[in-house]
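# Structural description and commentary
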Amino acid sequence: MHSNPVGRRSNPTRRAVLGTIAGVAAAGVAGGFAWDHLRQGGDDHGGTVADGTGTGSSARSTGSHTFERLSAPARTVVRAADGATLATFTDGARTAVLTGPTRTFSEPRTTEAKVTTDAWVRVLPHEWQRGMEKSASFKSWFRKALGDSSPDVFAVAFQYSSAGAPDKHNAAGVRYAGTAHFGPRNAAVNNPLDFAFHDEQSDFYDYLGLPWTFPDGTRVQPEQARYGDADCSGFQRLVWGYRMGLPLHNTNTKGAGLPRRAYAIAADGPGRLVIPHTGKQQATDLSALQPGDLVFFAIIKDRPDFIDHCGMYMGLDDRGRHRFYSSRSAANGPTMGDMSGHALLDGTDFYARGFRAARRL
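Residues numbered from 1 in each chain as written. Predicted model: local features only at pLDDT ≥ 70, side-chain atom pairs only at ≥ 80, totals over all residues. Heavy atoms only, no water.

## Comments concerning the sheet that holds strand E16 (residues 355-360)
Strand order across the open sheet formed by six strands is E11-E16-E12-E13-E14-E15, with antiparallel pairing between neighbours. Bordering the open sheet on either side are strand E11 (272-275) and strand E15 (333-335), each of which pairs with just one other strand. Strand-to-strand twist in this sheet, taken as the mean axis angle between neighbours without regard to direction, amounts to 30 degrees. Sheet analysis places E11 next to E16, joined by three bridges and oriented antiparallel. Following the sheet pairing, Leu273 is matched in E16 by Arg359. Its contacts with the sheet place helix H5 (residues 232-243) against strand E12 (294-297), strand E13 (309-316), strand E14 (322-328) and E15, and it is angled at close to 60 degrees to E13. (Pairing = 2+ DSSP bridges. Helix = DSSP H or I, 4+ residues; strand = E, 2+ residues; numbered from the N terminus. Axes fitted to C-alpha atoms, helices over the stretch in contact; angles between N-to-C directions. Contact = heavy atoms within 4.5 Å.)

This is how it looks when you write it as structure tokens:
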């Protein structure tokens with residue numbers, strides 16, 4: 001029997017579908033975060049566990065800035081007059097990390113750990129390249145971006161928390177956010193802590209309950225039994241693609257944007273690898289990671305070199321451990337928690353042992 005998500009409804013009408021398609025187009029533009037446009041306001045600000053609570057003042061948005069070039073990976077770091085890091089832009093990636101008000105993310109249902117961070121993860125309209133900071137359009141955008149408190153990637157991701165995120169609807173009445181689940185109940189697995197207790201194969205359009213046409217003309221239909229569901233890679237496509245505007249395609253081959261499966265995103269996704277997949281060994285050098293990086297795991301017992309799970313790196317938790325956020329079967333949806341394996345990259349627990357690679361989109 002399928003585990004019903006919060007606010008399950010009947011299939012949307014054609015009018016609702018068309019309204020959502022229009023909304024997606026707008027989301028793609030806003031998610032692209034163009035240099036000369038800054039998203040403002042809305043009802044998606046922090047203030048709940050699901051969105052992350054925020055305190056403190058915003059990053060230094062006035063005064064002189066300096067730009068420093070660093071390597072491994074090649075990137076541009078923006079520093080304030082006192083040397084504090086204001087932002088990091090990585091060559092070949094659209095992910096930008098800015099310093100802003102401190103927020104705390106927690107999930108008491110599944111873990112006692114909390115992540116308190118001043119990192120705000122944004123998506124640029126195109127890949128960063130060395131020297132872009134010299135343009136007038138970037139300078140104008142950057143001053144505004146430092147003080148922006150509209151939902152970033154983390155805030156959007158927690159709008160689907162399995163611990164309980166409120167429903168959000170577009171103008172056509174279609175739910176575009178709210179508590180997500182991993183997938184329908186897998187009758188062949190009896191242990192609720194088994195990572196296959198809920199079935200995989202739920203993509204972002206299943207969560208939405210809407211048919212979808214990809215850029216190559218491929219049209220897919222959602223499965224009614226998977227409405228409100230998104231597996232690990234489907235969840236990342238929901239956040240980074242549907243909500244933040246990165247291109248998507250429906251295969252596991254090379255192409256513009258995010259492919260479907262975790263192993264394909266690791267190998268052929270956009271951006272750049274910051275921790276390469278080298279085989280069966282646990283990745284233990286975590287120094288290149290930054291918040292928002294996608295992290296990849298080999299969790300199938302008999303295939304220690306095959307990537308079959310992905311998540312989003314959040315940074316250090318309150319115990320100094322490297323914590324990630326992913327859609328998982330045991331929690332039945334997006335979680336930063338510790339059910340059936342701690343959501344950690346370091347140490348010797350289940351997911352840490354399976355950690356293999358990281359990509360910055």
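This is not the end of the story, as more comes after the structure.
## Brief notes about the nonpolar core
Residues Tyr160, Phe204, Val239 and Trp240 are the most contacted members of the largest nonpolar core, which totals 48 residues. Counting residues in hydrophobic clusters, the runner-up holds 16 residues, among them Ala283, Leu286, Ala288 and Ile299. (Core = buried A, V, L, I, M, F, W, Y, C linked by side-chain atoms within 4.5 Å. Buried < 20%, exposed > 50% of the residue type's maximum accessible area, 1.4 Å probe, protein only.)

## Digging into the pattern of salt bridges
Following the criterion strictly, the structure yields 15 salt bridges and no others. Note that Arg237 is salt-bridged to Asp203, the shortest N-O span being 2.9 Å. Residue Arg237 is located in helix H5, and its partner Asp203 is located in the loop between strand E8 (175-177) and helix H4 (204-208); the two are separated by 34 residues in the primary sequence. For the pair formed by Arg237 and Asp203, the shared burial category is buried. Members of the salt-bridge network, linked through shared partners, are Asp203, Asp231, Arg237 and Arg260. (Salt bridge = Lys/Arg side-chain N within 4 Å of Asp/Glu carboxyl O.)

## Focus on H5
Over its twelve residues, H5 extends 16 Å from the first C-alpha to the last, a length consistent with the 16 Å expected when each residue adds 1.5 Å. In terms of burial, H5 is largely enclosed, as twelve of its twelve residues are buried. One or two residues past the end of H5 sits Gly245, with phi positive at roughly 95 degrees. (Expected span 1.5 Å × (residues − 1).)

## Section: the packing of aromatic side chains
According to the stated counting rule, one finds 25 aromatic pairs in the structure shown. Between Phe158 and Tyr325, the aromatic rings sit 4.1 Å apart at their centres with planes inclined by 15 degrees, giving stacked as the arrangement. With a gap of 167 residues between them, Phe158 in the loop between helix H3 (153-157) and strand E7 (168-169) and Tyr325 in strand E14 connect regions that are remote in the sequence. For the pair shown, Phe158 and Tyr325 are each scored as buried. Here Phe204 and Trp212 contribute two aromatic rings whose centre-to-centre distance is 4.9 Å and whose plane-to-plane angle is 85 degrees, an arrangement assigned as edge-to-face. Here the two residues Phe204 and Trp212 agree in accessibility, since each one is buried. Connected via pairs of aromatic rings, a cluster forms that spans Phe105, Phe154, Phe158, Tyr160, Tyr207, Phe235 and Tyr325. Seen from the ring of Phe306, Arg303 lies directly overhead, with NZ or CZ sitting 4.0 Å from the centre. (Phe/Tyr/Trp six-rings, centres within 6.5 Å; stacked < 30°, edge-to-face > 60°. Lys NZ or Arg CZ within 6 Å of the ring centre and 35° of its normal.)

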